[in-house]
Amino acid sequence: MKLERILQNQGFGSRRQCRQLVELGEVRINGEVVDDPGAEIPTAGLVYEIEGEAWTYREKTYLALYKPAGFECSHEPKHHRGVYSLLPHPLVVRNVQSVGRLDVDTTGLLLFSDDGAFIHNLSSPKKHVPKIYRAELAEDGTDALVERLLAGVSLIDEPQPVKALTARLLAPRTLEMSIDLGKYHVVKRMIAAAGNHVDKLHRHGFGGLALGEGVLAGLAEGEWVYLEAADLQQLHPAA
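Bear in mind that the values here come from a model prediction, so they are computed numbers and not experimental data.

Undergrad: For this particular structure, what's the right way to read the pattern of salt bridges?
TA: Opposite charge on two side chains lets them pair, provided their charged atoms get close. Tallying each qualifying case throughout the model produces 10 salt bridges. The salt bridge partner of D114 is R94, with a shortest N-O separation of 2.9 Å. Here D114, found in the loop between β9 (107-113) and α4 (116-123), pairs with R94, found in the loop between α3 (89-93) and β8 (97-98); they are 20 residues apart in sequence, far enough to count as distant. The residue K188 makes a salt bridge to D105 at a minimum N-O spacing of 3.1 Å. A residue pair is termed long-range when its members are at least 10 positions apart, and K188 in helix α6 (residues 186-193) and D105 in the loop between β8 and β9 qualify at 83 residues. Via salt bridges that share partners, E4, R15 and R19 belong to a single interconnected network.

Undergrad: How should I be thinking about the environment of H236 in this particular structure?
TA: Within the element layout of this structure, H236 appears in the segment after α7 (229-235). H236 has contacts with L122, K127, H128, V129 and P130, leaving out every residue within four places of it along the chain.

Undergrad: In this structure, what is going on with empty space enclosed by the protein? I would like to understand it.
TA: Over the atoms a probe the size of a water molecule is rolled, and this reveals where empty space is left. Within this structure, the stated rule accounts for 1 cavity of 30 Å³ or more. Estimates place the volume of the largest cavity at around 60 Å³. If you go around the largest cavity, the residues you meet are Q10, F12, Y48, W55, T56, R58, T61, P90, L91, R94 and Y226. Secondary-structure elements contributing two or more residues to the lining of the largest cavity are β4 (53-56) and α3. Looking at the lining of the largest cavity residue by residue, the classes come out as 6 nonpolar, 3 polar and 2 charged.

Undergrad: What's the story with the packing of aromatic side chains in this structure? I'm lost.
TA: Working definition: an aromatic ring pair is given by the centre-to-centre distance plus the angle between the planes. Applying the stated criterion across every chain yields a total of 5 aromatic pairs. When the ring of F12 is compared with that of W55, the centres are 5.2 Å apart and the planes differ by 90°; the resulting orientation is edge-to-face. Taken together, the positions of F12 in the loop between α1 (3-9) and α2 (15-23) and W55 in strand β4 put the pair 43 residues apart, joining distant regions of the chain. Summarising the burial analysis for this pair, F12 and W55 share the class buried. Centroid distance Y84 to F112: 5.5 Å. Interplanar angle 75°. Geometry classified as edge-to-face.

How each quantity is defined
Residues numbered from 1 in each chain as written. Predicted model: local features only at pLDDT ≥ 70, side-chain atom pairs only at ≥ 80, totals over all residues. Heavy atoms only, no water. Salt bridge = Lys/Arg side-chain N within 4 Å of Asp/Glu carboxyl O. Helix = DSSP H or I, 4+ residues; strand = E, 2+ residues; numbered from the N terminus. Contact = heavy atoms within 4.5 Å. 1 Å grid on protein atoms, 1.4 Å probe; cavity = no way out; pocket = protein on both sides within 12 Å on 5 of 7 lines; lining within 4 Å. Points joined across faces, edges and corners; volume = space filled by probe spheres on them. Nonpolar A, V, L, I, M, F, W, Y, C, P; charged D, E, K, R; others polar. Phe/Tyr/Trp six-rings, centres within 6.5 Å; stacked < 30°, edge-to-face > 60°. Buried < 20%, exposed > 50% of the residue type's maximum accessible area, 1.4 Å probe, protein only.

Honestly, it's all geometry; don't read function into it.
Structure below.
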């Protein structure tokens, strides 16, 4: 593939902007400046530098972000900063999209990709991909609360009771529960329907990935990491 096309494909601007980057000597491959925009470059395993920063060619991009509170999951946020401001500009230009959303005050694991099939597979309720949440409760939790969530609670816009896949108390006011739905405020609404309320909400895991484990070990709030093929397999077979 021509170098200028590679750079455009990877989010470094228009064809003209990418051609200028090359001609200005801002692109290096194997430590050597490549100043021919039309140079044919193999993409398999390609690592290149743009203005001194190393990048790896990726046909599709998969990311995991530890979302802080106070960020909207929108390209056009209205009241707070958008989560996309936490990502490098070339990835935003590539049009990566979040896999579902987290409320502005909810923290935790958020996935992104520019692979439409991947986003659909993990977002579709038919795939039953579990998400693990940890909720700080307004009042002490009880065994009865856990039992109600596991048995199913009635929500106004749902024809059938909505059940948690798992639920357990980690501390008197810390509830961990998993669901495979992506409904609006669903965790907060379920806990309210079961007789308690959420003060803080955190998404700890998505599919087989969890913050603090594996590729996400050591990831701090506001930080992100690429997901490789092995991580996607661990995430969920649907990925």
